[in-house]
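# Observations on the three-dimensional arrangement
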Amino acid sequence: MTPPNTDKPLALYVHWPFCKKKCPYCDFNSHVRDDVDQKAWRDALLRELGYWRQRVQGEALSSIFFGGGTPSLMPPETVQAIIHEALRIWPASPDIEITLEANPTSVEAANFRVLREAGVNRVSLGVQSLNQASLAFLGREHSTDEALAAVALAREIFPRYSFDLIYALPGQTLDAWEAELRQALTYARGHLSLYQLTIEPNTAFHHQYHVGKSFALPQDDLAADLYALTQRIMGEAGMPSYEISNHAAPGQESRHNLSYWRSDSYLGIGPGAHGRVDMHGERFATHTRKSPERWLEQVQRMGHGLEEETLLTALERDEERVLMGLRLTQEGLDLTPLNAAVREPLLQRSIPYQTQGLLQQNGDRLFATASGQPVLNALIAALLRS
């Protein structure tokens, strides 16, 4: 047997598409269903996992991430079965990270101990706000007390945990956000994900914002000040950003998400899951069917839920490296894997932005500076123009 290549980590993403309700800001592949055949879904996820057994070999599994939807609604025995099967198929890195996203309701937090016994060693909690009025606006089902209780329980049970907060909300002031963020830091252990509210197409907020005009977001200047305040407070707390919206103490970064931003190989199973899979020296982009019912039917019939599997060209691979790598605020984009036909024009286009202090090159790394990070999307578009 060929020994696993620990220099080429493999990440596994498992998508659970079901939620109790659809949050108004959410554009993820999540669905509300009154009844879910748990055995059929467990069998299908295991079967799709097995489909990749013969196709992807020789790599060490560095992380497993259960996302959604609301994967904390999965029966713990399903979580355990998937972990067990994944570790049977692929050898695991000694420090494998196994994360599960969870809502901080008391009902879901009650499963934390059995999830830890099932093999989960990190949870990511969708707290979203420590302000009760903001939670109501965001359509969350938990209270601030439930959220803080769930975080405290996660601290007790799991070696590592994180939670999310959304800011730049309607009417939010700098003082209010600072107070909320400082409160959050008293509950954090090394990692926080902090997102400015964005209005995505095909969400309830999109209609309310653009058509109903029922709320307004902070003006650009205030949004920029909120971002700068966030960076300052988190830096002073020893948890600077390592990616645009993610902050961590050294060594506490999400290893799974780093796989995305470093353009490592990752498998995606479950409805609507994406993957970037290295096979036979080439990279393939994969995407499974989004509809839970259609995905389930296809897996039962064919053994997998793939809707698309596309061979990426060298140019597409490099463009993805740029798109993802520049999000890493401390590591930056590694220029060495890029083909010269992409690297040289990219560096040439970066010169005026380096002069403006928006980008910085340090050896074989290109970074967005503190001034460039808030306008990163525009910078990437300029660097990748054909």
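The present account deals with the structure reproduced in this document. The structure presented is a predicted model; accordingly, all values stated were derived computationally and were not measured.

### A closer look at the overall build of the chain
Helices and strands together make up the secondary structure of the chain, namely 14 helices and 17 strands. The C-alpha radius of gyration of the chain comes to 21 Å, within 12% of the 21 Å expected for a compact globule of 386 residues. Across its three principal directions, the C-alpha atoms of the chain cover 55 × 55 × 40 Å. Taking all 386 residues of the chain together, the buried fraction comes to 53%. Contacts spanning at least 24 positions in sequence make up 70% of the contacts within the chain whose residues lie at least 6 apart. Working note: accessible area of the chain is about 17400 Å², and carbon and sulfur atoms make up 50% of it. Positive and negative charge centroids in the chain, built from 36 and 46 side chains respectively, lie 3 Å apart.

### Considering the nonpolar core
Across soluble globular proteins, you tend to see nonpolar side chains buried next to one another. One finds Phe66, Phe163 and Leu192 to be the most contacted residues of the largest nonpolar core, which totals 85 residues. Element by element, the count of residues in this core is highest for helix α6 (residues 144-157), at 6 residues. Apart from the residues within four sequence positions on either side, Leu192 is in contact with Ser162, Phe163, Leu181, Ala184, Leu185, Met234, Met239, Ser245, Asn246 and His247.

### Here we look at the sheet that holds strand β16 (residues 359-362)
Backbone hydrogen bonds hold the strands of a sheet together, and the pairing may be parallel or antiparallel. Pairing is antiparallel in the open sheet, where 3 strands are placed in the order β15-β17-β16. Here the strands that pair on one side only, and so sit at the sheet edges, are β15 (333-334) and β16. In this structure, β16 lies alongside strand β17 (residues 365-368), joined through 4 bridges in antiparallel fashion. Pairing of Leu359 across the sheet is with Ala368, part of β17. Where helix α13 (residues 340-355) meets the sheet, it contacts β16 and β17, and its direction lies at approximately 125° from that of β16.

### Description of the pairing of strand β4 (residues 59-68)
Of all the 10 residues making up β4, 10 are buried; the element is thus mostly covered by neighbouring parts of the structure. As judged from the 5 bridges shared by β4 and strand β5 (residues 92-102), these two strands associate in the parallel manner. Looking at the pairing, Phe65 lines up with Thr99 of β5.

Basis of the calculations
- Residues numbered from 1 in each chain as written.
- Predicted model: local features only at pLDDT ≥ 70, side-chain atom pairs only at ≥ 80, totals over all residues.
- Heavy atoms only, no water.
- Helix = DSSP H or I, 4+ residues; strand = E, 2+ residues; numbered from the N terminus.
- Rg over C-alpha atoms; globule rule 2.2 N^0.38 Å.
- Buried < 20%, exposed > 50% of the residue type's maximum accessible area, 1.4 Å probe, protein only.
- Contact = heavy atoms within 4.5 Å.
- Areas by Shrake-Rupley, 256 points an atom, 1.4 Å probe, with all protein chains shown as cover.
- Lys, Arg positive; Asp, Glu negative; His and termini not counted.
- Charge placed at Lys NZ, Arg CZ, Asp CG, Glu CD.
- Core = buried A, V, L, I, M, F, W, Y, C linked by side-chain atoms within 4.5 Å.
- Pairing = 2+ DSSP bridges.
- Axes fitted to C-alpha atoms, helices over the stretch in contact; angles between N-to-C directions.

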